[in-house]
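Structural characterization, general
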Amino acid sequence: MSAQRTALVTGASGFIGYHLCQKLLDEGWRVIGIDNLSDYYDVKLKERRQAMLCQNPGFAIVNDSIQTPGVMMGLFEDHRPDVVIHLAAQAGVRYSIENPRSYLESNITGTFEILEAARAFPPAHMLLASTSSAYGANTVMPYAEVAKADHQMSFYAATKKATESMAHSYAHLFGLPVTMFRFFTVYGPWGRPDMALFKFTKAILAGEPIDVYNHGDMKRDFTYVTDLVAAIRLLIDAVPVRSADGVVEEGDSLSPVAPFRVVNIGNSEPVQLTDFIAAIEEATGQVATRNLMDMQPGDVPATWADAELLQRLTGYAPQTRVPEGVKAFVEWYRGYYAV
């Protein structure tokens with residue numbers, strides 16, 4: 001029997017963090033989580049997720065901020081994780097316009113603290129969350145990892161792209177194997193209240209109007225959370241290895257000078273916002289009243305993942321279609337809020 005592996009998961013009480021920790025625990029991993037339970041959205045939702053994880057004896061949690069000096073260093077020194085999955089971040093495009101400092105502190109300084117700890121106590125693999133927003137003003141779709149991503153359109157996206165560059169430098173200088181994920185509009189049960197699906201479902205069930213930006217002319221590559229977590233789990237074992245001669249296969253985002261790779265995780269199927277709303281109407285059995293609005297600053301009209309590299313590395317492709325995923329979310333929402 002192989003020795004039990006230890007994973008350190010930042011943002012463990014978050015939407016994706018909760019689902020990932022649950023999967024690793026189900027597989028028999030030892031999981032060390034950290035989460036500061038920020039009040040960016042309903043803390044009770046985070047506390048509920050955390051309480052469920054704490055029922056498993058293989059899970060331990062530290063409620064602190066990753067940017068607090070010494071916290072990450074102490075966790076790495078005490079637990080010597082085999083794998084680190086860094087999901088903690090200040091999220092949201094809109095909020096980054098109102099409160100950019102929180103993005104600087106959490107996303108930049110927090111990631112720096114993690115990289116420094118990994119430098120001192122190197123794990124076998126570091127996996128860090130980025131975002132499809134990193135593609136910014138790119139208009140060539142589907143977005144491929146090897147495409148340039150130099151024109152981010154929100155400070156949130158800029159901080160995430162900065163963490164990619166920071167992690168690459170540590171991978172190069174210290175030989176740390178790093179995989180960066182670019183997530184594409186993740187949704188599902190236990191999701192975030194600031195995301196469209198949550199807001200739309202809440203409003204529709206309450207008989208209130210929903211704000212539909214760019215008059216509904218938007219497309220998103222919606223990715224169901226259990227598909228995303230399955231992909232992350234498989235990528236844990238797809239450790240990047242530095243090319244001996246600097247030659248990289250076509251279509252592979254592996255760095256020519258470091259054990260570093262960027263991987264999209266998306267459904268590779270952009271869905272029109274109006275079709276997404278129709279799926280919510282179908283699942284709730286109610287018709288939405290639409291408040292049509294202009295595009296919001298910092299937002300992009302479409303996202304679409306080229307997920308060929310993910311499939312090449314893992315043999316996996318996300319499968320959940322939007323009507324099925326939305327139905328599962330609405331069922332969870334009705335049960336959780338008793339509506």
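Before reading on, note that the structure itself is shown above.
We now turn to the structure provided with this report.

A word on helix 9 (residues 273-284). For helix 9, built from 12 residues, the straight-helix expectation of 16 Å at 1.5 Å per residue is met to within 8% by its first-to-last C-alpha distance of 17 Å. Turning to helix 9, its buried residues number three or more, namely L273, F276, I277, A279, I280, E281 and T284. The inward-facing, buried residues of helix 9 contact helix 7 (196-205), strand 8 (210-213), strand 12 (271-272), strand 13 (290-293) and helix 11 (322-337). Immediately beyond the C-terminal end of helix 9, within one or two residues, lies G285, with a positive phi of roughly 75°.

Estimated volume of the second largest pocket: approximately 270 Å³. If you trace the second largest pocket, you find 18 residues lining it, with E145, E164, R182, F260 and V262 closest to the centre. Taken together, the elements giving at least two residues each to the lining of the second largest pocket come down to helix 6 (155-174) and strand 11 (260-265). With four residues, helix 6 is the largest single contributor of residues to the lining of the second largest pocket. Broken down by class, the residue content of the lining of the second largest pocket amounts to six nonpolar, five polar and seven charged.

Attention now moves to the packing of helix 3 (residues 71-79) against helix 5 (residues 100-120). One can describe the packing of helix 3 onto helix 5 by two numbers: an axis separation of 8 Å at closest approach and a directional angle of 30°. Regarding the angle of helix 3 to helix 5, the classification is roughly parallel. Our pair here, helix 3 against helix 5, has a crossing hand that is right-handed. Side by side, helix 3 and helix 5 meet where M72, M73 and F76 of the first sit next to E113, I114, E116, A117, A118 and A120 of the second.

The next subject is the packing of aromatic side chains. The tally for this structure, following the rule as stated, stands at 27 aromatic pairs. Summarising the aromatic geometry, the rings of Y95 and Y103 are spaced 6.1 Å apart at their centres and angled 50° between planes, so their arrangement reads as tilted. Y95 gets classed as partly exposed once you look at its relative accessible area, which sits at 27%. An aromatic cluster of three or more residues is present, and its members are Y18, W190, F198, F329, W332, Y333, Y336 and Y337. Its guanidinium or amino end placed over the ring of Y41, K46 lies 4.4 Å from that ring's centre, counting from NZ or CZ.

In this structure, P142 follows M141 across a cis peptide bond, with omega equal to 5°. Inspection of the secondary structure puts P142 in the loop between strand 5 (125-131) and helix 6. Of note, the phi angle at L37 is positive, near 50°, even though the residue is not glycine. By relative accessible area, L37 is classed as buried at 18%. At T185, a position not held by glycine, the phi torsion is positive, near 35°. Mapped onto the elements of the fold, T185 is located in the loop between strand 6 (178-183) and strand 7 (186-187). By relative accessible area, which is 21% here, T185 ends up partly exposed.

Our focus in this paragraph is empty space enclosed by the protein. Tallying each qualifying case throughout the model produces two cavities of 30 Å³ or more. Of the voids in this model, the largest cavity is the one considered here, and its volume is about 50 Å³. Only strand 7 and helix 7 provide two or more residues apiece to the lining of the largest cavity. The residue inventory of the lining of the largest cavity, partitioned by class, reads seven nonpolar, two polar and one charged. By volume, the second largest cavity amounts to about 40 Å³. Forming the boundary of the second largest cavity are H86, A88, A89, N107, T111, L128, A129, K160 and T163. Broken down by class, the residue content of the lining of the second largest cavity amounts to four nonpolar, four polar and one charged.

Before going further, it helps to examine the sheet that holds strand 5. Strands sit in the order 3-2-1-4-5-6-11 across an open sheet of seven strands; the sheet is parallel. The outermost strands of the open sheet, each flanked by one partner alone, are strand 3 (59-62) and strand 11. Averaged over all pairs of adjacent strands, the angle between their axes in this sheet comes to 20°, without regard to strand direction. Sheet topology note: the strand 4 (residues 83-86)/strand 5 ladder contains four bridges and is parallel. Residue V84 lies in a different strand from strand 5, and its bridge partner there is M126.

As a packed pair, helix 9 and helix 11 sit with axes 9 Å apart at the nearest point and diverge in direction by 50°. One way to sum up the angle between helix 9 and helix 11 is to call them oblique. Where helix 9 crosses over helix 11, the handedness of that crossing is right-handed. For the pair helix 9 and helix 11, contact is made by F276, A279, I280, A283 and T284 and by V322, P323, V326, K327, V330 and R334, respectively. Tallied by class, the residues present in the contact of helix 9 with helix 11 amount to eight nonpolar, one polar and two charged.

The rules we used
- Per-chain numbering applies: the sequence of each chain, read as written, is numbered from 1 onward.
- Since the coordinates come from a predicted model, pLDDT governs what is reported: local features require at least 70, and pairs of side-chain atoms require 80 or more to be given and counted, while whole-chain, interface and lining totals use all residues.
- Water and hydrogen atoms play no part in the side-chain values, which are based on all heavy atoms of the structure.
- Numbered from the N terminus, helices here are DSSP runs of H or I no shorter than four residues, and strands are runs of E no shorter than two.
- Expected span, for any helix, means 1.5 Å times one less than how many residues it has.
- Classification of residues uses two cut-offs on accessible area relative to the type maximum, computed with a 1.4 Å probe and protein chains only: under 20% is buried, over 50% is exposed, and between them is partly exposed.
- Contacts are residue-level and defined by heavy atoms, with any inter-residue pair within 4.5 Å sufficient.
- Lining residues are those with an atom within 4 Å of a point, where the points come from a 1 Å grid over the protein atoms alone and group into cavities, where a 1.4 Å probe fits but cannot get out, or pockets, open sets with protein on both sides within 12 Å along at least five of seven lines.
- Grid points are joined across faces, edges and corners, and a volume is the space filled by probe spheres set on the points.
- Note that Gly is not counted as nonpolar here; it falls among the polar residues with everything else outside the nonpolar set of Ala, Val, Leu, Ile, Met, Phe, Trp, Tyr, Cys and Pro and the charged set of Asp, Glu, Lys and Arg.
- To obtain an axis, a line is fitted to C-alpha atoms, over the contacting stretch when the element is a helix, and the angle between two such axes runs from 0 to 180 degrees between their N-to-C directions.
- Oblique is the label for any angle not covered by the other classes, which are roughly parallel (under 35 degrees), roughly antiparallel (over 145) and roughly perpendicular (65 to 115).
- Less than a right angle of anticlockwise turn of the near helix away from the far helix marks a crossing as left-handed, whereas a clockwise turn marks it as right-handed.
- Pairing of aromatic side chains requires ring centres within 6.5 Å, counting the rings of Phe and Tyr and the six-membered ring of Trp. Pairs whose planes differ by under 30 degrees are stacked, by over 60 edge-to-face, and all others tilted.
- The criterion is that NZ of a Lys, or CZ of an Arg, lies within 6 Å of the ring centre and within 35 degrees of the ring normal, and then a charge sits over that ring.
- Two strands qualify as a pair provided that DSSP identifies no fewer than 2 bridges between them.

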